[in-house]
Amino acid sequence: MTAKNERDEPRLSVGQVAKRADVAVSTLHFYETKGLIRSWRNTGNQRRYKKDVLRRIAVIKAGQKMGNSLVEIKETLAKLPQSRTPTKEDWARMSRFWQAQLDEKIAYMMRVREMVDGCIGCGCLSMKSCPMYNPEDIVATEANGAVWLDHPEQAKAAKNCYDSQNEKIGTNE
């Protein structure tokens, strides 16, 4: 019979994990209710965690800092066999996936940056330029919200049209 590895024993209290992971106890409870981490109850009905939960929390925090939602992080962690804590190889695989997501987010934010000084096609009609960017609220036929953020070529054409109209009349506001 082989002795259990100490890492396999849920010995850490919620306070110990919170301190080591630099998160609030309430955060641990929240992660647990979301199915991101797991605890066991001792005979006194107190939560206990295995040591490897610290790595799992580190992955969760890294994912959040990259802008991933907890749902996205949970989906990524769920791909691990038997919901185990990520190994170095697992982290490499997850980080490649998250890097691709980051690239998409960066491209999106760059589109926002390029259009932040003009209308983004929200349909609000509140800016002076909206009637030029969105005459007769034609964006409403496309979708609701800031639809041109996802269609930068349309937004750029609308901005160019607006800019050229204002240059003709000398009121580029």
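In case you missed it, the structure is sitting above this.
Rules of the game
- Residues numbered from 1 in each chain as written.
- Predicted model: local features only at pLDDT ≥ 70, side-chain atom pairs only at ≥ 80, totals over all residues.
- Heavy atoms only, no water.
- Helix = DSSP H or I, 4+ residues; strand = E, 2+ residues; numbered from the N terminus.
- Buried < 20%, exposed > 50% of the residue type's maximum accessible area, 1.4 Å probe, protein only.
- Contact = heavy atoms within 4.5 Å.
- Areas by Shrake-Rupley, 256 points an atom, 1.4 Å probe, with all protein chains shown as cover.
- Phe/Tyr/Trp six-rings, centres within 6.5 Å; stacked < 30°, edge-to-face > 60°.
- Lys NZ or Arg CZ within 6 Å of the ring centre and 35° of its normal.
- Salt bridge = Lys/Arg side-chain N within 4 Å of Asp/Glu carboxyl O.
- Pairing = 2+ DSSP bridges.
- Core = buried A, V, L, I, M, F, W, Y, C linked by side-chain atoms within 4.5 Å.

Chemist: Would you explain the overall build of the protein chain in this entry?
Modeler: A count of helices and strands for the protein chain gives 7 helices and 3 strands. For the protein chain, the sequential pattern of α-helices and β-strands runs β-α-α-β-β-α-α-α-α-α. For the protein chain, the residues scored as buried account for 31% of the 173 residues in total. Taking the contacts inside the protein chain whose residues are at least 6 apart along the sequence as the reference set, 58% of them involve residues at least 24 apart. Element-wise, carbon and sulfur atoms account for 53% of the exposed surface of the protein chain, whose accessible area totals about 11600 Å².

Chemist: For this particular structure, what's the right way to read unusual backbone geometry?
Modeler: A negative phi angle characterises most non-glycine residues, just as the trans form characterises most peptide bonds. Positioned with a positive phi, D22 is a non-glycine residue whose angle comes to about 60 degrees. For D22, a relative accessible area of 64% gives the class exposed.

Chemist: Help me understand the packing of aromatic side chains, please; the structure alone is not making it clear to me.
Modeler: Between two aromatic rings, the relevant description is the distance of the centres plus the angle of the planes. Throughout the structure, instances matching the rule amount to 1 aromatic pair. K79 extends its terminal NZ or CZ atom over the ring of F97, reaching a point 4.6 Å from the ring centre.

Chemist: Help me understand the side chain of S13, please; the structure alone is not making it clear to me.
Modeler: Residue position: S13 is located in strand 1 (residues 12-13). Each residue touching S13, except ones within four places of it in the same chain, is listed here: R47, R48 and Y49.

Chemist: Is there a simple way to think about the pattern of salt bridges in this case?
Modeler: A side chain with one charge may pair with a side chain of the opposite charge, provided their charged atoms come close. All chains considered together, the criterion is met by 2 salt bridges. We note a salt bridge from R47 to E32, for which the minimum N-O separation is 3.0 Å. Residue R47 is found in strand 3 (residues 47-49), and its partner E32 is found in helix 2 (residues 25-33); the two are separated by 15 residues along the sequence. Salt-bridge contacts for D90 lead to R93; the nearest nitrogen and oxygen are separated by 2.4 Å. One end of the pair, D90, and the other, R93, are both in helix 5 (residues 88-115), 3 residues apart, so they sit about a helical turn from each other.

Chemist: Looking at this model, I keep getting lost on the sheet that holds strand 1. Mind explaining?
Modeler: Sheet strands pair by backbone hydrogen bonding; their relative direction is either parallel or antiparallel. Read across the sheet, 3 strands follow the order 1-3-2 without closing on themselves; strand pairing throughout is antiparallel. Here the strands that pair on one side only, and so sit at the sheet edges, are strand 1 and strand 2 (40-41). In terms of strand pairing, strand 2 meets strand 3 through 2 bridges, oriented antiparallel. The residue bridging R41 from the neighbouring strand is R47, located in strand 3.

Chemist: Explanation requested: the nonpolar core in the structure shown.
Modeler: Soluble globular proteins: nonpolar side chains tend toward being buried together. Membership of the largest hydrophobic core comes to 22 residues, with the highest contact counts inside it found for V17, L28, I37, Y49, I57, I60 and L77. Elements represented by at least two residues in this core include exactly helix 1 (14-21), helix 2, helix 3 (53-65), helix 4 (70-77) and helix 5. Counting residues per element, this core draws most heavily on helix 3, at 5 residues. The contact partners of V17, leaving out residues within four places of it in the chain, are L12, D22, L28, Y49, V53, L54 and I57.

Chemist: Help me understand the environment of A24 in this model?
Modeler: Following the sequence through the fold, A24 ends up in the loop between helix 1 and helix 2. Sequence separation between A24 and V14 is 10 residues, and the spatial gap between their C-alpha atoms is 9.4 Å.

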